[in-house]
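# Structural characterization, general
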Amino acid sequence: MARTTDYGDATGLENMQQLIQLRWMAVVGQVATIAVVHYGFGIRLPLDQMLAVLAFLAAFNAASQLRWRIHRDVSNGELFVALLVDVAMLTAQLYLSGGAANPFVFLYLLQVILGAVLLEAWSTWTIVGITSACFAGLAVFSGPLQLPIEHGRGLLSPYILGMLICFGLNAALLVVFINRISRNLRARDARLAALRERAAEEEHIVRMGLLASGAAHDLGTPLATLSVILGDWRHLPHFTSDPELLAEIDEMQAQVQRCKATLSGILLSAGEARGESSLETTVSTFLDDTAEEWRSTRPVLAFEYENRFGHDLPMVSDSALKQTLCNVLDNALQASPDWVRLEATHEGDTLRLTVTDAGPGFAPGMLADFGKPYLSTKGRPEGGLGLFLVVNVARTLGGKVSARNRPEGGAEVTLTLPLASIILEEEEDEGNGS
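Residues numbered from 1 in each chain as written. Predicted model: local features only at pLDDT ≥ 70, side-chain atom pairs only at ≥ 80, totals over all residues. Heavy atoms only, no water.

Another point: the pairing of strand β7 (residues 411-418). For β7, the buried fraction is high: seven of the eight residues fall into the buried class. Where strand β5 (residues 350-357) meets β7, seven bridges bridge the pair, whose relative direction is antiparallel. Considered in β7, the bridge of R352 is made with T416. One ladder, built from six bridges, connects strand β6 (residues 400-405) with β7; its direction is antiparallel. In the strand pairing of β7, V401 is matched with L415. The turn joining β6 and β7, which pair antiparallel and follow one another in sequence, is formed by five residues; a positive phi near 110° is taken by G409. (Buried < 20%, exposed > 50% of the residue type's maximum accessible area, 1.4 Å probe, protein only. Helix = DSSP H or I, 4+ residues; strand = E, 2+ residues; numbered from the N terminus. Pairing = 2+ DSSP bridges.)

Set out below in structure tokens:
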């Protein structure tokens, strides 16, 4: 069974990775800033203590990177703690380099905005309160920065230049990372929308199954009556004396038997048939029997069937899979009454069934929405359900269905199914002489 994916956790992991990238950029940026201020402007800074803070930040980021390669689920609390660490490291650096007088104090706004985007409401307001308290604390407790303001010098003032660099950093980082985080959120919303659509389709299939099961019950009695009447007609003198009428009676009986077999398959799939059970067979035998039965019950002029599965494997005859393959063949036959081809191949751990026809092919709109219900080229209001069921049965088995128009004309529909979902595990020998 496929593992259920938590789309919220997947988005949280992507957002945490964005924070890790931002933290590496902060480490590099702080090293460069400290070097420029200390050696370029000649402003004395406590290098040992500031580099120790940077070393701690780099170690924390490296540990985070290793952790989130192993653990894939990220909660709101973990994102909140990560942002608190960033706030604490920024506060420590500002405390060592002038406190509230440092022009880079406005980097607190970056943490607040990231919190507003990434966190739940209570966490965001907590970040706002903590950063405000840190700002106030720096104004009260940190020492002054030996940085002349010199407003009259414009951009030549180190303080004004520092504020400009801080503004540019805030703006650039916000644009880059808010865009990335927004893309993550949009991707999550798209995945959730696809999940809701799939749930709606599966609910639709359940309703169709209930209707089909009820119809099978209701049609069983009239079909049995028709079978008895046709059997009686077959022995009447005016039918036995006319070979043409007798042939038509035989054809009618064959079609009634086909209808009864179809209804029995519906009830079997619904778990309501008790007179017959699933039979153990092999993949090649199942495919050969299905192809032969389809050929004998459809008015196809030319049917090419090639079984290139190779080494045979055991499986249980599955009526749903059989009906799925017949639905694809029926659609190909309706588009191309003169020629249909079925090819079965074994590729790795998958069974690949390719149905080809020589019809007009799919319209571009149908290829874009392939497998959607009530989408058909036949113009019937109930059209498109066959391929809709094909896609959903394949998806239930862990496979997929693809369609394309062939360059030489006609269409090609391919079912790719994992063998693990349809074959039986080979039983090991229980022991010698057993």
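So, on to the packing of aromatic side chains. Inspection of every chain in the model, using the stated rule, returns two aromatic pairs. Each ring, one from F80 and one from W122, has its centre 5.4 Å from the other, and the planes form 55°; the classification is tilted. One end of the pair, F80, is in helix α3 (residues 76-96); the other, W122, is in helix α5 (residues 121-141), and 42 residues separate them in sequence. Considering the side-chain rings of W294 and F303, the 5.0 Å spacing of their centres and the 55° angle between planes classify their relative orientation as tilted. Owing to a relative accessible area of 10%, F303 belongs among the buried residues under this scheme. (Phe/Tyr/Trp six-rings, centres within 6.5 Å; stacked < 30°, edge-to-face > 60°.)

Turning to the environment of S296, a few remarks are in order. Inspection of the secondary structure assignment puts S296 in helix α9 (residues 283-297). What makes S296 exposed here is its relative accessible area of 56%. Polar contacts involving the side chain of S296 include one to the main-chain carbonyl oxygen of E293, which spans 3.0 Å. (Polar contact = N/O pair within 3.5 Å; in protein donor to acceptor, adjacent residues only side chain to side chain.)

Right, let's get into the sheet that holds β6. Judged by pairing direction, the sheet is mixed, and its five strands sit side by side in the order β2-β4-β5-β7-β6 without closing on themselves. Sheet topology places β2 (303-308) and β6 at the edges, where each strand pairs with a single neighbour. Each strand axis lies, on average, 15° off the axis of its neighbour in the sheet, ignoring direction. Looking at chain direction, β2 and strand β4 (residues 340-347) are connected through six bridges and run parallel. Residue pairing in the sheet places E304 in a bridge with R341 of β4. Of the strands in this sheet, β2, β4 and β5 touch α9, which is tilted by about 180° from β2. Across the sheet, helix α10 (residues 319-335) touches β2, β4, β5 and β7, and the angle it forms with β5 is around 20°. (Axes fitted to C-alpha atoms, helices over the stretch in contact; angles between N-to-C directions. Contact = heavy atoms within 4.5 Å.)

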